[in-house]
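What follows is the residue order along each chain.
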Amino acid sequence: MKRKPKILVVGSFVMDLIVSTEKFPNSGETVLGKSFRTAPGGKGANQAVQAARLGAEVTMVGKVGNDDFGKRLIGSCEESGIHTGFVATDPEVSSAVGNVLLEVGDGRAAKNRIIVVPGANMTIVPGEVGFLREAVGQYDMVVLQLEIPMSINELVAKYAFEKGVPVMLNSAPSAPLSEKLLSRLAYISPNEHEAADLTGIQIRREGSRVNQDDLKAAVGSLLSRGVKNVVITLGSAGAVVANQNEFIYEPCADVVEVKDPTAAGDSFVSAFITGVCAGLKHWQALHFANYTAALTVSRMGAQPSLPHLSEVVELMKQEDRTDFDFSLLEVLK
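Here goes a summary of the coordinates provided. (Residues numbered from 1 in each chain as written. Predicted model: local features only at pLDDT ≥ 70, side-chain atom pairs only at ≥ 80, totals over all residues. Heavy atoms only, no water.)

With that settled, the discussion passes to the sheet that holds strand S1 (residues 6–10). Taking strand neighbours across the sheet as the criterion, the eight strands line up as S4-S1-S9-S10-S11-S14-S15-S16 in an open arrangement whose pairing is mixed. Here the strands that pair on one side only, and so sit at the sheet edges, are strand S4 (57–61) and strand S16 (247–250). Where S1 meets strand S9 (residues 141–144), four bridges bridge the pair, whose relative direction is parallel. For Ile 7, the partnering residue across the bridge sits in S9 and is Met 141. (Pairing = 2+ DSSP bridges. Helix = DSSP H or I, 4+ residues; strand = E, 2+ residues; numbered from the N terminus.)

As structure tokens, this is what we get:
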């Protein structure tokens, strides 16, 4: 590819309300927190921002409320150079919010618990994406998640499939998926828990490693349902990308202190598809995505933590991966 990839993200906007504490409260218990802040998020917007910061040309389609959060959410995307002209505003329903509770402490990795109130994300109607029936053909990849109505994801995937445009579905948060939707996906990217929900196959842990037989069985189950490529993220155990001809596993890039795992999955998925659209082979895109996500978890917040291309390249070079051809990333600069 001799031009920047063009990526369409149809998905959610969420304003994260983030509280950090040294101890998660039990039922009926009150604890004192350490800090509070807000940060633009939402799986769709996070993935759009990450792709843009890595050098792709990104268009975002979604919906916000007619409120201050909505304005801030759109503004955050625009600051990253994302085209937001197709983002709708609901005059009656508020923008979505995410209640993010972080448990932090010296010498231990941060943990999070998140409650999302979907708000305007769930009021998108078919007429607001109808223009994509024709317009979708101009993009190199369509990226979907599950924080908007399933009917909208089904419709956009149909439009893309009819135009021969590959679709990546980040199947989070976990939800049942129709066989028709699965058959129209070029890529699906669940985490290990979402993969278990989709396949009924628990991916067991053996210390810091995952059971490879379980992993291969889960991959095989998804491939048998029509998905062309399966990308399963495994947290601290790394990730795998597989299809009928490949099974590529890579451990996580354990090179940073984990400060906040929020948006790590979004960062990974977006970096992977940006790399694929730029012409990287799957093993290269997997490596690129691992290092992008590593930088994300080393920082606080969702979108504020998402790195730029230059930062990812610098970290990868520090690790001295001589088998990675960095000239392949020139198209993103």
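Next comes the rest of the account.
The residue Gly 235 is located in the loop between strand S14 (229–233) and strand S15 (239–242) in this model. Of the residues examined, Gly 235 reaches a relative accessible area of 54% and is grouped as exposed. With 109 residues separating them in the primary sequence, Gly 235 and Pro 126 have C-alpha atoms 35 Å apart. Residue contacts for Gly 235: discarding those within four places in its chain leaves Glu 192 and Cys 252. (Buried < 20%, exposed > 50% of the residue type's maximum accessible area, 1.4 Å probe, protein only. Contact = heavy atoms within 4.5 Å.)

Each aromatic ring pair is described using two quantities: the centre-to-centre distance and the angle formed by the ring planes. The tally for this structure, following the rule as stated, stands at four aromatic pairs. For the ring pair Tyr 187 and Phe 272, a centre distance of 5.8 Å and an interplane angle of 75° mean the geometry is edge-to-face. A residue pair is termed long-range when its members are at least 10 positions apart, and Tyr 187 in strand S11 (residues 187–188) and Phe 272 in helix H8 (residues 264–278) qualify at 85 residues. You'll find Tyr 187 and Phe 272 in the same group, each marked buried. Sitting above the plane of the Tyr 139 ring, Lys 6 keeps its charged end 5.8 Å from the centroid. (Phe/Tyr/Trp six-rings, centres within 6.5 Å; stacked < 30°, edge-to-face > 60°. Lys NZ or Arg CZ within 6 Å of the ring centre and 35° of its normal.)

Before going further, it helps to spend a moment on the packing of helix H9 (residues 282–297) against helix H10 (residues 309–318). One can describe the packing of H9 onto H10 by two numbers: an axis separation of 9 Å at closest approach and a directional angle of 105°. Classified by the angle their axes make, H9 and H10 are roughly perpendicular. Where H9 abuts H10, its residues His 287, Phe 288, Tyr 291, Thr 292 and Leu 295 lie against Leu 309, Glu 311, Val 312, Leu 315 and Met 316. (Axes fitted to C-alpha atoms, helices over the stretch in contact; angles between N-to-C directions. Parallel < 35°, antiparallel > 145°, perpendicular 65-115°, else oblique.)

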